[in-house]
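Structure at a glance
Each chain is listed here by its residues.
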Amino acid sequence: MAISLISYLNSKKSAKERTFAENNNWKDSHNSYQNNSLGYKIKLKKEKLLVKLTCKPSQMHLLSNRNEQFLAEWLQFSPATIVQIDSRIGLEKIDMWANQCRKCRKAVFLRLFQKGKIYQHSNLWNQLSYLIKRCFDFLGALILLIILAPIFVTIALLLHTYFKQPIVETRWCVGKQGKLFKVYQFGGNFTTFNLKTLNKLLQLFNVLKGDMSFVGRFPWSLAEAIKISSLEHDYLNVVPGINASLTDNK
């Protein structure tokens, strides 16, 4: 009788384990189906490549199920010079697209909304104001970089020789009209030495290149940009400023 009871309990336990395993397998396959059911919708307009998210198999591009190496080779042969990426494809894929576009020397932009007016320099006064501001930024950044060059060289030698850390690190930021660019800062644990302001002064190279200005909005990272509210979308029409970066405590 005891043996029969034990056999009965074991059979019930095995049945529960099978049911649990089947449920977990269904959940895994369901999640995998959901992930695989999303893909890229690619559209080429003249020299602009639009990358959107789609769940319709008929609209999915062959890149949807290919790896990063295939994307790199595909971009090299693409006639597009500008790539605009839908923010809904996720941070990991945005970063992958941005890195490969940078290697292929293609300008890459983050698309945060479907409709929106982007500020343009539509008249002579706006164009003149922009040129004056750009000249001021370029000359100011160039002069400061020359003055600060000995300090930057000293820091670079310390990081490389004594701390064995990378001299410069970069991260993606979202600039004017959603353009992605790499912002510069000293590498390793340099910010732990209470020299955060000096570390961010390396962004003068970004000002020199035209990705940033002395005065402007905060340079959002990719993670920050995709979370901004619709009321903040207009700030994308403003060039990021080194002043906003210096006053940040991060």
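Here's a quick rundown of the structure.

Conventions used here
Residues numbered from 1 in each chain as written. Predicted model: local features only at pLDDT ≥ 70, side-chain atom pairs only at ≥ 80, totals over all residues. Heavy atoms only, no water. Helix = DSSP H or I, 4+ residues; strand = E, 2+ residues; numbered from the N terminus. Polar contact = N/O pair within 3.5 Å; in protein donor to acceptor, adjacent residues only side chain to side chain. Contact = heavy atoms within 4.5 Å. Buried < 20%, exposed > 50% of the residue type's maximum accessible area, 1.4 Å probe, protein only. Expected span 1.5 Å × (residues − 1). Bend = angle between axes of the 7 residues up to and from the residue. Pairing = 2+ DSSP bridges. Salt bridge = Lys/Arg side-chain N within 4 Å of Asp/Glu carboxyl O. Axes fitted to C-alpha atoms, helices over the stretch in contact; angles between N-to-C directions.

Digging into the side chain of Arg-111
Mapped onto the elements of the fold, Arg-111 is located in strand β4 (residues 107-111). Here Gln-84 takes part through its side chain, which lies 3.2 Å from a polar atom of the side chain of Arg-111. Each residue touching Arg-111, except ones within four places of it in the same chain, is listed here: Gln-84, Ile-85, Asp-86 and Ser-87.

A look at the side chain of Asn-206
Tracing the backbone shows Asn-206 in helix α6 (residues 204-209). Asn-206 gets classed as buried once you look at its relative accessible area, which sits at 0%.

So, the environment of Cys-173
With respect to the helices, strands and loops of the structure, Cys-173 is situated in strand β5 (residues 168-174). Here Cys-173 falls in the buried class, since its relative accessible area comes to 0%. Distance in space between the C-alpha atoms of Cys-173 and Ala-223 is 9.2 Å, their sequence separation being 50 residues. Residue contacts for Cys-173: discarding those within four places in its chain leaves Lys-179, Leu-180, Phe-181, Val-183, Pro-219, Trp-220 and Ser-221.

Brief notes about helix α4 (residues 124-162)
Compared with the 57 Å implied by 1.5 Å per residue over 39 residues, the 53 Å span of α4 between its first and last C-alpha is a close match. The sharpest bend along α4 measures roughly 55° and falls at Leu-148, with the proline Pro-150 sitting one to four residues further on.

Overview of the sheet that holds strand β7 (residues 220-221)
Spatial strand order, β6-β5-β7: 3 strands in an open sheet with antiparallel pairing. The outermost strands of the open sheet, each flanked by one partner alone, are β6 (180-186) and β7. Relative to β7, β5 runs antiparallel, the two being bridged by 2 bridges. Within β7, the position partnered with Val-174 by the bridge is Trp-220.

Describing the pattern of salt bridges
As enumerated under the stated definition, the model contains 2 salt bridges in all. Between Arg-88 and Asp-86 there is a salt bridge, with its nearest N and O atoms 2.7 Å apart. Given the relative accessible area of 3%, Asp-86 is considered buried. Lys-133 is the salt-bridge partner of Asp-137, the closest N and O atoms lying 3.6 Å from each other. Linking Asp-137 with Lys-133, this pair stays in helix α4, spanning 4 residues, or about one helical turn.

Description of the sheet that holds β4
The 4 strands lie next to each other as β1-β2-β3-β4, forming an open sheet whose pairing is mixed. Of all the strands in the sheet, the pair left with one neighbour each is β1 (39-45) and β4. Each adjacent strand pair in this sheet contributes to an overall mean axis angle of 20°, direction not counted. Across the face of the sheet, helix α3 (residues 91-103) comes into contact with β1, β2 (48-54), β3 (82-86) and β4 while running at roughly 175° to β3.

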